[in-house]
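Chain by chain, the residues:
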Amino acid sequence: MFQNKPQDKCRLFGYRLMRPCILFSRSFCNMNSAIHHLFLAFVILLSIPAYSLAENRNQFLTNDPKKPWHIVADEIDYDKKAGYYIGKGNVIITKEDKKLTADFIRFDQKTMKVYATGHVIMTAGEDTLTGTRMEMNLEAETGTIYNGTIFIKENHFYIKGDKIQKIGKDSYAVDKASITTCDSDKPAWKITGRNLKVTIEGYGFVKHAALWAKKVPILYTPFLFFPAKLKRQSGLLPPRIGYSERKGAEYDQPFYWAINESSDATFYLHSMKRRGENLGLEYRYVLDESSKGTLMFDFLNDKEVDDGTPDSTENWGYEDDDVLRPNSNRYWFRMKHDQSMPFDISLKLDIDIVSDQDYLHEFKGGYTGFDKTDKYFNETFDRDLDEYDDPVRLNRLNLSRSWSSYSLNAEARWYDDVITRRQGDKDTTLQKLPFIEFNASKQRLLNTSSYFDLDSEYTYFFRKDGTKGHRVDVHPRLYLPIRYKNYFTFEPSLGVRETAWRINEDEDTSTENDWKLHRELYDVALDLSTELFHIYHINGKDIDKIRHSIRPQIVYDYIPDDPDLSLYPNFEEEIDRVKKKNLVTYSIINTFTSKSKKHTVERDKYQKIKYNEPNYIYREFCRFKLEQSYDINEAKEGNPENWANKEEKRPFSPIYGELELAPGNYFSMQADAKWCLYEKNFLSHNVAANISDKRGDKIFVEHRYTKNSSKSIYTDFLLKISDRLSTYSSYERNIYDRKTMKSSFGFLYNAQCWSIELGYTHEEDDRKYTFMIHLHGLGGFGSSIEGYHM
């Protein structure tokens, strides 16, 4: 039900495992520590056979007395005196989705006892139980399978034992047990144990558990005691172990608490030798189908501070941050909540409060770090957090209601300026308490040929220190579209804007110091466009036709000059300072759309192939746009404040170009650029391309450039050397600052039931060497060594 981060990869047979699988950080303090924790990882991994049996405890042997078993064989005899059936040769016993096959079966219908021998195979759904011999009481659900193997298809698990006993309704015993996900009779890896005993919804015990690589034992533990619960269960989750210069040796241990069916929590103890213990809490709840929430809180009493002394700033500060962090009490509280309200109203709550501007730098990774939290909120609530390096954090409460053509939003927004709050300076951060907007989408006006839309809002702007005030803004627009046959479309529109303010500059909010303003504006837009197209008949194997469309467009926007512009308050420039406009924008858009046939095939009652009418798939595989504007006001008056040469006028905007290209499944490209006519140079250009093939080879390249600001390149590469061996690399460089941001490369060998990864990553002042082994179906474990250059 809940997506607990540390448990996301700990799923087996369709339900959640609370303890038995291991996820290790790719960082270990030293080799002795690595061996110790690999041993702990292995101990937890050994718990999995109990769950494998648990999931299928009733699939093989459940019995509904109202429904009979059916027997088919080459030869069937019935012993009236003994009261049992004997089947010989290709014997098949079936009941619902269960099937038992063997060379020989003796079945007592009265006692529900069955004896089978010779190529015994029993299936239930997609899972299979095989053995050389089986004795089972189908009613009591007890019996023995000799030289048996249970195959669980969902996770591709094989559980083997020379003698698998079902000793009770929910209890099993295996004399010599082994588990693997390898198909071979000689598996690349397996886990073995003696005298395995397990009770479903209870506990299990196994002696002499060992992990093997081929015929070589790797790890051993003399005994293992473990829970065998099917339902969500409270308990310890896999830890993360690591080392870094800033934090020293790390151990992060989560504890999961299954509170009830609709809520759970995870507690975290993140112990850092150099910094102290970071305590964390994550609480999740579901109220109904559309109401849910998650809150998270972390607290650290930090042993180190950045108080401005050279050593503290060098070791515990950040290069791009000149603000000190003298506080030792550090915390981060974040929460998101969705609530369904009466009358189809939706409520959304977002809270994000952090102790200092460095906290999210410091704890960007990890179980409760920024990256995992932001990803979780995005996936669960479709809302993300402000960037980790943004010291102003948004908190809001939103109420919304939507209709087919209208929408209403009421929201309280509080921007928490972390630096200002900590330093106790005057807080001029602008808050919206509340912000209410009512909008109407473009729609027909009654039964006329005209259309209209509406943007309206009310906001109360609040500052702890500084000007406060109310603002009402209403902006309806009327459209009169005219289409002349199939030649062109002309759409004039007129907007009328009414804005009113009530401003209070006095901190005591006395109405005697209030002053009121209002403004009336109109704006005009003329939109002229047409579309030319041609259809090319390809009649190819994959593509039937291609449609090429050319859409030229001219838009004229006019807003008159407001001589009182400087008198208005400036809470938000977009609305409060609407500047004059006299602008012509012209553009041309080329699009190419393919039409492909997709035949569906089915068989008639005589199993003959029948081709249905083809379905058509339309795909826009190329889009190219060019756009430029001409500023009439600039041409008449110029703008001497913007140019070194005060006599120069620049009415033409940079030419903007945009290209999107995806001709097939294995290539795509996006590019955009701005070209200045006056400087005869690019102001910016960006390009990104993806190339792949059927083998799985991939390459991604991105180059970005902004004049006098930034220039960077990023590449990501994956090469399939063979079906099993791959190599990968990535490279990111800030060309403008001449810095390599990140470089990495590695190898991945992927066999049928295991994989191994070797990798190296250099990220600014951080180096990491990775060695990772992944046993398919169980998870991965390994180590990495990190080096930091301060």
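Residues numbered from 1 in each chain as written. Predicted model: local features only at pLDDT ≥ 70, side-chain atom pairs only at ≥ 80, totals over all residues. Heavy atoms only, no water.

Caption draft 1: Spotlight on the overall build of the chain. The secondary structure content of the chain amounts to 8 helices and 47 strands. Scored against the burial criterion, the 790 residues of the chain give a buried share of 41%. In the chain, the share of contacts with a sequence separation of at least 24, taken over all contacts with a separation of at least 6, comes to 48%. (Helix = DSSP H or I, 4+ residues; strand = E, 2+ residues; numbered from the N terminus. Buried < 20%, exposed > 50% of the residue type's maximum accessible area, 1.4 Å probe, protein only. Contact = heavy atoms within 4.5 Å.)

Caption draft 2: Quick look at the pattern of salt bridges. Inspection of the entire model under this criterion finds 36 salt bridges. Measuring nitrogen to oxygen at the nearest pair gives 3.0 Å for the salt bridge that ties Arg-497 to Asp-473. Highlighted residues: Arg-497 in strand 30 (residues 488-504) and Asp-473 in strand 28 (residues 468-479), separated in sequence by 24 residues. Residue Arg-497 is classed as buried on the basis of its relative accessible area, which comes to 16%. What makes Asp-473 buried here is its relative accessible area of 3%. Two residues, Arg-650 and Glu-679, come together in a salt bridge whose shortest N-O distance is 3.6 Å. Separated by 29 residues along the polypeptide, Arg-650 in the loop between helix 8 (632-637) and strand 38 (655-664) and Glu-679 in the loop between strand 39 (667-676) and strand 40 (681-692) bring together distant segments of the chain. Its relative accessible area of 16% is what places Arg-650 among the buried residues. Assessed through its relative accessible area of 34%, Glu-679 is described here as partly exposed. Ionic contacts of the salt-bridge type, sharing partners, join the residues Arg-246, Arg-275, Asp-302, Arg-325, Arg-330, Asp-356 and Glu-362 into one network. (Salt bridge = Lys/Arg side-chain N within 4 Å of Asp/Glu carboxyl O.)

Caption draft 3: Representation of a nonpolar patch on the surface in the model. Together, Ile-691, Ile-699, Val-701, Phe-717, Leu-719, Ile-721, Phe-745, Phe-747, Leu-758 and Phe-771 give the surface a local cluster of nonpolar side chains, amounting to about 800 Å² of exposed area. When contributions to the nonpolar patch are tallied by element, the ones reaching two or more residues are strand 41 (698-706), strand 42 (710-720) and strand 44 (739-750). Here Ile-721 is to be found in the loop between strand 42 and strand 43 (725-734). (Patch = residues over 30% accessible without salt bridge, like charges linked within 9 Å, V, L, I, M, F, W, Y side chains within 5 Å. Areas by Shrake-Rupley, 256 points an atom, 1.4 Å probe, with all protein chains shown as cover.)

Caption draft 4: Seen up close, the packing of aromatic side chains. In total, this model carries 25 aromatic pairs according to the counting rule given. One aromatic cluster in this structure is built from Trp-332, Phe-370 and Tyr-388. In this structure, Arg-334 packs its charged tip against the face of Trp-332, placed 3.9 Å from the ring centre. Over the ring of Tyr-388 we find Lys-364, and its NZ or CZ is 5.0 Å from the ring centre. (Phe/Tyr/Trp six-rings, centres within 6.5 Å; stacked < 30°, edge-to-face > 60°. Lys NZ or Arg CZ within 6 Å of the ring centre and 35° of its normal.)

Caption draft 5: Here's a closer look at the nonpolar core. Residues Leu-100, Ile-105, Phe-107, Val-114 and Met-134 are the most contacted members of the largest nonpolar core, which totals 36 residues. Excluding residues that lie within four positions of it along the chain, Val-114 makes contacts with Leu-100, Ile-105, Arg-106, Phe-107, Met-134, Glu-135, Met-136 and Leu-138. Trp-332, Val-354, Leu-360 and Tyr-376 belong to the second-largest nonpolar core, a separate cluster that totals 14 residues. (Core = buried A, V, L, I, M, F, W, Y, C linked by side-chain atoms within 4.5 Å.)

Caption draft 6: Expanded view of the pairing of strand 41. Note that strand 40 and strand 41 share 9 bridges and pair antiparallel. Note that in strand 41 the partner of Ala-688 across the bridge is Glu-702. Hairpin connection of strand 40 to strand 41: 5 residues between the antiparallel strands, including Gly-696 at a positive phi of 110 degrees. Between strand 41 and strand 42, which pair antiparallel and follow one another directly, the connecting turn spans 3 residues, one of which, Asn-708, has a positive phi of 60 degrees. (Pairing = 2+ DSSP bridges.)

Caption draft 7: Fine view of the environment of Asp-544. Its place among the elements puts Asp-544 in the loop between strand 32 (532-537) and strand 33 (545-559). Between the C-alpha atom of Asp-544 and that of Ser-596, which follows or precedes it by 52 residues, the distance is 5.3 Å. Residues within four places of Asp-544 in sequence aside, it is in contact with Tyr-536, His-537, Ile-538, Asn-539, Lys-595, Ser-596, Lys-597 and Tyr-616.

Caption draft 8: Spatial organisation of a negative patch on the surface. Together, Asp-382, Asp-384, Glu-387, Asp-389 and Asp-390 make up a region of like negative charge exposed at the surface. Mapped onto the fold, Asp-389 is located in the loop between helix 5 (370-381) and strand 24 (392-402). (Lys, Arg positive; Asp, Glu negative; His and termini not counted. Charge placed at Lys NZ, Arg CZ, Asp CG, Glu CD.)

Caption draft 9: Examining unusual backbone geometry more closely. Here the bond from Leu-433 into Pro-434 is cis, since omega is 0 degrees, no more than 30 degrees from zero. One non-glycine residue, Asp-344, adopts positive backbone phi at about 60 degrees. With respect to the helices, strands and loops of the structure, Asp-344 is situated in the loop between strand 22 (329-341) and strand 23 (345-354). Within the chain, Leu-446 stands out as a residue other than glycine whose phi angle is a positive 50 degrees. Structurally, the position occupied by Leu-446 is in the loop between strand 26 (431-444) and strand 27 (451-462).

Caption draft 10: Main features of the environment of Val-418. Considering the arrangement of structural elements, one finds Val-418 in helix 6 (residues 418-423). Along the sequence, Val-418 and Asp-356 sit 62 residues apart, while their C-alpha atoms lie 6.0 Å from each other. Dropping the residues within four chain positions of it, Val-418 is found in contact with Val-354, Ser-355, Asp-356, Gln-357, Pro-391 and Arg-393.

Caption draft 11: Local environment of the environment of Ser-450. Structurally, Ser-450 can be placed in the loop between strand 26 and strand 27. In the structure, Ser-450 is positioned 28 residues away from Leu-478 in sequence and 7.1 Å away in space, judged by C-alpha atoms. Beyond its immediate chain neighbours, meaning those up to four positions away, Ser-450 contacts Gln-443, Arg-444, Leu-445, Leu-478, Tyr-479 and Leu-480.

Caption draft 12: Up close: the confidence of the model for the chain. When pLDDT is averaged along the chain, the result is 83, and 82% of the positions lie at 70 or above. Taken as a whole, residues 1-63 scores under 50 in pLDDT and shows 214 contacts with residues more than four places along the chain or in a different chain. A low-confidence stretch, residues 780-790 (pLDDT under 50), is modelled with 51 contacts involving residues beyond four sequence positions or located in other chains. (pLDDT = per-residue confidence, 0-100.)

Caption draft 13: Local environment of the side chain of Arg-413. Looking at where Arg-413 falls in the secondary structure, it is placed in strand 25 (residues 406-417). Among the polar contacts listed, one links the side chain of Arg-413 to the side chain of Glu-411, at a separation of 2.3 Å. Those residues in contact with Arg-413, other than ones at most four positions away along the chain, are Leu-394, Asn-395, Arg-396, Gln-431, Lys-432, Leu-433 and Phe-435. (Polar contact = N/O pair within 3.5 Å; in protein donor to acceptor, adjacent residues only side chain to side chain.)

Caption draft 14: The side chain of Lys-468, seen in detail. Within the secondary structure layout, Lys-468 lies in strand 28. Exposure remark for Lys-468: the relative accessible area of 4% places this residue in the buried category. A polar side-chain atom of Lys-468 sits 3.4 Å from the main-chain carbonyl oxygen of Arg-463.

Caption draft 15: Spotlight on helix 5. With 12 residues, helix 5 extends 16 Å between its outermost C-alpha atoms, agreeing within 8% with the 16 Å of an ideal straight helix rising 1.5 Å per residue. Along helix 5, the positions that sit buried rather than exposed are Phe-370, Thr-373, Asp-374, Tyr-376, Phe-377 and Phe-381. Relative to the axis of helix 5, the buried residues are bounded by an arc of 165 degrees and lie together on one face. Tucked into the core, helix 5 has its buried residues touching strand 20 (276-288), strand 21 (291-301), strand 22, helix 4 (359-362) and strand 24. Residue Asp-382 follows helix 5 closely and has a positive phi angle near 60 degrees. (Expected span 1.5 Å × (residues − 1). Arc of directions from axis to C-beta.)

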